[in-house]
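So the chains spell out like this:
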Amino acid sequence: MTGAGTWQAELARALAEGGVEAAAWVPDKRLAPIAEALAAASVPVRTLTREEECVGWAAGFRAAGGTPLVLMQCSGLGNSLNAIGSLVVPYGLGFPLVLSMRGALGERNPAQMALGRTAVPMLELLGIQAFRLRRPADAAMLARGALAVADGARQLAPIVLEPDLDMAR
Amino acid sequence: MTPTEAVAALLRAHPGALFVASLGTATSALRSASGDGPHLYMGGSMGSALAVAMGVAEKRPDRRVVAVLGDGESVMGAGSLWSLAGLRPANLLAAVLVDGHYTITGGQPLGVPAAFADVARTLGLAAEVAASEADAERLARELLGPGLLEIRYDERIWPGPSPFVDSALVRARFEAAAAP
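Residues numbered from 1 in each chain as written. Chains lettered and ligands numbered in written order. Predicted model: local features only at pLDDT ≥ 70, side-chain atom pairs only at ≥ 80, totals over all residues. Heavy atoms only, no water.

1. Remarks on the overall build of chain A
Counting its secondary structure elements, chain A contains seven helices and six strands. For chain A, the sequential pattern of α-helices and β-strands runs α-β-α-β-α-β-α-β-α-β-α-β-α. Across its three principal directions, the C-alpha atoms of chain A cover 40 × 35 × 25 Å. Sorting the 169 residues of chain A into buried and exposed places 56% on the buried side. (Helix = DSSP H or I, 4+ residues; strand = E, 2+ residues; numbered from the N terminus. Buried < 20%, exposed > 50% of the residue type's maximum accessible area, 1.4 Å probe, protein only.)

Below, the structure written as structure tokens:
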């Protein structure tokens, strides 16, 4: 799962080759192979206490001229809404955001369902386009596209990891 | 000591630093003390300013970074004290302006202990408390990064400039100031 050639490795490689210098996350099982691949590509991955903090850290890194990345689970998006709405959006401090989905097809935990169902609609209400990754073969393409949106258009660029990815294996 | 005098002491201690200010009093005081300098003022995102400063410090390890934080801001973003102790950016000073009140919302009491230096020391950070401009300036200069300076001010005077900043302008000016 974590080896070369997996979609996680392809996503991480394309993000690193596209200029991502550092990443922040709150640990998540589904994101772990991506974090490991980033670290293997010499991208430092910082563990912070809350997803909102990761958003703040990335906004600061971006404001200082860098290209950051954030990895979070969709429940963490709920923790981050004010930082996105009052910092990332108005200041134009966009960055790629890899969003792993819980509360989607195949979920067994009732506590995950509400944030899974509302994650992308919440982003859309904030004026943010979400880019859905469904097929393993599209990982590098979405990484490059999200970097263009974050860098050029200065928007938050979420790459949504749909459950289809693992079901397609 | 007023909040503006507290921030003026930080500016004297670190004249070439990149400053990040949390919303409300910290932003108004930094605008006042620096003549509206090209700093990263938060118009909102309460609780995130120290995390923002950690991002700046990580991208620019060659520059001194100072986070000017309110006390309400710092309890809302208390987890970032743990992150500061975990990441240990050697170029970052967190300065907490303590008056025990939520100023911009009408002066309601903080309602929780303002024990920022104590907590920071428990987390293994260098931390001091200053209650005068002279001490604030000296300790801001002496504290090794990552450090926390709790500045207790007694004159609760609104600094003046609006905390509702033009975010696009703030970003553009800060980007230029932070560029290599």
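2. What about empty space enclosed by the protein?
Here the idea is plain: a probe the size of a water molecule rolls over the atoms and shows the empty space left. Residue and element names in this part refer to chain B. A complete count under the given rule lists one cavity of 30 Å³ or more for this structure. In this structure, the largest cavity spans a volume of roughly 60 Å³. The wall of the largest cavity is formed by G47, L50, L69, E73, S74, G77, A78, L81, V96 and L148. Its residues placed into classes, the lining of the largest cavity shows six nonpolar, three polar and one charged. (1 Å grid on protein atoms, 1.4 Å probe; cavity = no way out; pocket = protein on both sides within 12 Å on 5 of 7 lines; lining within 4 Å. Points joined across faces, edges and corners; volume = space filled by probe spheres on them. Nonpolar A, V, L, I, M, F, W, Y, C, P; charged D, E, K, R; others polar.)

3. Considering the interface of chain B and chain A
In this complex, chain B contributes 29 residues to the contact, which on the side of chain A involves 26 residues. The junction of chain B with chain A conceals about 2,000 Å² of combined surface from both sides, 58% of it contributed by carbon and sulfur atoms. For the chain B face of the interface with chain A, the top three residues by lost area are E58, K59 and R171 of chain B, together amounting to 28%. Measuring nitrogen to oxygen at the nearest pair gives 2.8 Å for the salt bridge that ties R46 of chain A to E58 of chain B. Taken together, the links from chain B to chain A amount to 11 residue pairs in polar contact (both at pLDDT 80 or more). Counting residues per element, the ones that place at least two in the side of chain B that touches chain A are β2 (40–41), α3 (49–59), α5 (79–87) and α8 (167–178) of chain B. (Contact = heavy atoms within 4.5 Å. Buried area = accessible area lost by both parts, 1.4 Å probe. Salt bridge = Lys/Arg side-chain N within 4 Å of Asp/Glu carboxyl O. Polar contact = N/O pair within 3.5 Å; in protein donor to acceptor, adjacent residues only side chain to side chain.)

4. Quick look at the nonpolar core
The nonpolar side chains of soluble globular proteins are, as a tendency, buried together. Counting 95 residues, the largest nonpolar core has L40, V68, L148, L149 and I151 of chain B as the members making the most contacts within it. Per element, the largest residue contribution to this core is eight residues, and it comes from α3 of chain B. Excluding residues within four positions of it along the chain, L40 of chain B makes contact with A63 of chain A together with F19, V20, A21, V52, V56, V170 and F174 of chain B. Of all hydrophobic cores here, the second largest spans 30 residues; its members include A23, A32, L133 and A140 of chain A. (Core = buried A, V, L, I, M, F, W, Y, C linked by side-chain atoms within 4.5 Å.)

5. Observations regarding the pairing of strand β4 (residues 92–98) of chain B
Residues and elements named next belong to chain B. Where burial is concerned, most of β4 is hidden: seven out of the seven residues are buried. Side chains of β4 alternate between two faces, with L92, A94, V96 and V98 and L93, A95 and L97 buried alike. Pairing of strand β3 (residues 65–70) with β4 involves six bridges; the strand directions are parallel. Paired with V68 across the two strands is A95, which belongs to β4. As paired strands, β4 and strand β8 (residues 147–152) are joined by six bridges and run parallel to one another. Paired with A94 across the bridge in β8 is L148. (Pairing = 2+ DSSP bridges.)

6. Description of unusual backbone geometry
Following G145 of chain B, the chain continues into P146 of chain B via a peptide bond in cis, with omega recorded as -10 degrees. Looking at where P146 of chain B falls in the secondary structure, it is placed in the loop between α7 (133–142) and β8. Unlike most non-glycine residues, R154 of chain A shows phi in positive territory, near 65 degrees. Here R154 of chain A shows up in the loop between α6 (139–151) and β6 (157–161). We note that R88 of chain B has phi near 50 degrees; this positive angle belongs to a residue other than glycine.

7. A few points about the side chain of E51 of chain A
Residues and elements named next belong to chain A. With respect to the secondary-structure elements, E51 resides in helix α3 (residues 51–63). Although E51 is buried, it forms no salt bridge, and the closest oppositely charged side chain is R50 at an N-O distance of 6.0 Å. Only 3.0 Å separates the side chain of E51 from the side chain of N79, close enough to count as a polar contact. Filtering out sequence-adjacent residues up to four positions away, E51 remains in contact with V26, M72, G76, N79 and S80. (Lys, Arg positive; Asp, Glu negative; His and termini not counted.)

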